[in-house]
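So you can see what is in the structure, the chains are spelled out below.
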Amino acid sequence: MNKVPDYQTANSLLSRAEKVGQLFMPAAFINDSEAEIEQLEHLIRTKGIGSLCFFHSRASAATNYEGKKEVVFNDASFETLKKLIERYQNASKYPLLIAIDAEWGLAMRIENTPQYPYALTLGAIQGNNDLIFQVGKNIAKDCKAAGIHWNLAPCVDVNSNPNNPVIGYRSFGADKLKVAEKALAFIKGAESEGILTSIKHFPGHGDTATDSHLGLPLVEKPRTELTANELYPFQQIIDKGVDSVMVGHLSVPSLANGETTSSSISPAIIKDLLRNDMGYQGVVISDALNMHAVSKEYSEKGQLEWLAFDAGNDVLCFAENVSEGITTILQKASSEQIEESFKRVWALKEKAIERDVSKTPRLTEPKQLNQTLAERSLTLLWGSESAIAQFRATDFCTLTLKRSASQPKLQDLPSEIRQMRSQVAEETDILVLLTPPQVKPANRFGFIKEEIDFINELIQTKNVVVYLFGNPYMLQHLSYEKATAVVVVYQDFTEFQDAATEHFLGKLSAEGKLPVSIF
């Protein structure tokens, strides 16, 4: 891979068109065909692309998942990723910045790679920010092993809406102070390994009921409230220094002079608020421009890319119309606009590629850290330790409700529920081990209504202790106050299962605290 020239040299070497090309970050897919790979190589060679963002496959990326296309899993994804990075770097005249979303590790995008807990789980840990630092550090090590420079994380959204369809488990919680504190620890961990980070989704995606992959969320709070809450973590981290800020696709009229335009293409929100009022002078990156919150509104190729750039974004993430976008920016932008963004992006590139990230050969081993995180996050939400001890002394039976979102077939579930109901009919004391089929809240977290009704029937008529291995917002669907005890375990990793077992046996206390309000 070629070295990155210093800014003064690059400024004289690159043409105006090449400088604009440096602002584009098209998507790269690990499971692309050879023809698609060659197409991206051609784009890199001919348009002077500055960066790439990797996704698993076209079927699973951003807006495509709602199409229910089959996602083909590839056990060799990590090796494929490394080879593709090398191949794309070889196609580029100047080193590419390689980015990925790795909020909870490379496993967010890549099979058979380390997975760490969701931000919501980390949010349950009281104090111990050194553990959050270590999570950021370990994920950064894994990025280095792959050849990635830029982790587009963490989320600093203050999640105050239990019905948020897309942020929820990706947020550290509802407390702005703890969100800022934990996000900063994560960032410092990544920085210790030389990996770039990005705080998102500015100006705050936490109190929304619309998924911006599919539509444009509207945030109708007054500016004073947003400044005091949603903007607080962004300001705190900006003041301490951060590599980049990702702007989300959100309609926030009180921050945009009453306009309902998406924040990602709003000069009022990026230039006036973020840069002028909040004092941020670093790189601004757009959220994926293929997301339907904005992409559906602009049919003319290149128009959205221009609007995003003109609003103040330096890096145009997941731009789908690169050639047309470059042409439009060259036609409409002032030289000063282009130079300002190019200088910021090139400074980031110099910082990130001052060493060869691929010289970290091995992935981390998450087991020991995940075990500690499991023990520290475990949350006794309802009931008491003594109530669980008394329950443990009974002749209880154990009922495990766990399946993937697709197995068994949904039409078979009512008969299975009838069988379970029959099995526990004569039981008085039941330990329910509950793992929702999915982490997102759509369709009752993947449960069918009959399953929810069955669980609530047990809670209301039996002596029940529940261990929830999943998103705590699932409890919105349960009459959990009628249970003997409810313990939130957050994840279903083996390490979290082990911690739950130790807690039930009375060998481990629950130190965590729910980081969000369920209702």
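Residues numbered from 1 in each chain as written. Predicted model: local features only at pLDDT ≥ 70, side-chain atom pairs only at ≥ 80, totals over all residues. Heavy atoms only, no water.

Caption draft 1: Structural view of the packing of helix α15 (residues 367–377) against helix α20 (residues 494–504). Remark: α15 packs on α20, axes separated minimally by 8 Å, with the N-to-C direction vectors making an angle of 40°. Classified by the angle their axes make, α15 and α20 are oblique. In terms of crossing hand, the pair formed by α15 and α20 is right-handed. Note on element contacts: α20 touches α15 through E495, F496, D498 and A499, opposite K367, N370, Q371, L373, A374, E375 and S377. Considering only residue class, the contact of α15 with α20 consists of 4 nonpolar, 3 polar and 4 charged. (Axes fitted to C-alpha atoms, helices over the stretch in contact; angles between N-to-C directions. Helix = DSSP H or I, 4+ residues; strand = E, 2+ residues; numbered from the N terminus. Parallel < 35°, antiparallel > 145°, perpendicular 65-115°, else oblique. Left-handed = near helix turned anticlockwise from the far one by under 90°. Contact = heavy atoms within 4.5 Å. Nonpolar A, V, L, I, M, F, W, Y, C, P; charged D, E, K, R; others polar.)

Caption draft 2: Inspection of the layout of surface pockets at higher detail. The volume enclosed by the second largest pocket comes to roughly 480 Å³. If you go around the second largest pocket, you meet 21 residues; those closest to its centre are A27, Q39, L43, R58 and E320. Those elements giving two or more residues to the lining of the second largest pocket turn out to be β2 (27–29), α3 (34–47) and α13 (322–332). Ranked by the residues each element gives to the lining of the second largest pocket, the list is headed by α3, at 5 residues. Taken together, the residues of the lining of the second largest pocket break down into 9 nonpolar, 7 polar and 5 charged. (1 Å grid on protein atoms, 1.4 Å probe; cavity = no way out; pocket = protein on both sides within 12 Å on 5 of 7 lines; lining within 4 Å. Points joined across faces, edges and corners; volume = space filled by probe spheres on them.)

Caption draft 3: Highlighting the sheet that holds strand β5 (residues 150–151). Sheet architecture is open: 5 strands sit in the order β2-β3-β4-β5-β6, paired in parallel fashion. Since the sheet does not close on itself, it has two edges, and those belong to β2 and β6 (196–197), each with one partner. With 4 bridges joining them, strand β3 (residues 51–55) and strand β4 (residues 97–100) adopt parallel strand pairing. The residue bridging S51 from the neighbouring strand is L97, located in β4. (Pairing = 2+ DSSP bridges.)

Caption draft 4: Structural view of helix α19 (residues 449–461). The terminal C-alpha atoms of α19, which comprises 13 residues, lie 18 Å apart, in line with the 18 Å expected from a rise of 1.5 Å per residue. Residues of α19 that are buried: E451, I452, F454, I455, N456, L458 and I459. At its buried positions, α19 is contacted by β12 (397–402), α17 (413–423), β13 (429–435), α18 (442–445) and β14 (463–468). (Expected span 1.5 Å × (residues − 1). Buried < 20%, exposed > 50% of the residue type's maximum accessible area, 1.4 Å probe, protein only.)

Caption draft 5: Representation of the nonpolar core. With 117 residues, the main nonpolar core has F24, L52, F54, Y88, W150 and F202 as its most contacted residues. When residues in this core are grouped by element, the largest group, 8 residues, is from helix α6 (residues 129–146). The contacts of L52, once residues within four sequence positions are left out, are M25, P26, A28, L40, I44, Y88, L96, L97, I98 and A99. Judged by nonpolar contacts, the second largest core, of 39 residues, contains L401, M420, Y473 and V488. (Core = buried A, V, L, I, M, F, W, Y, C linked by side-chain atoms within 4.5 Å.)

Caption draft 6: Inspection of the pairing of β13 at higher detail. With 6 of 7 residues buried, β13 lies mostly within the body of the structure. Where β12 and β13 come together, 6 bridges link them in parallel fashion. Looking across to β13, one finds that L401 is bridged to L434. As defined by bridge partners, β13 adjoins β14 across 6 bridges and the pair is classed as parallel. Each bridged residue has a counterpart across the sheet, and for V432 the counterpart in β14 is V466.

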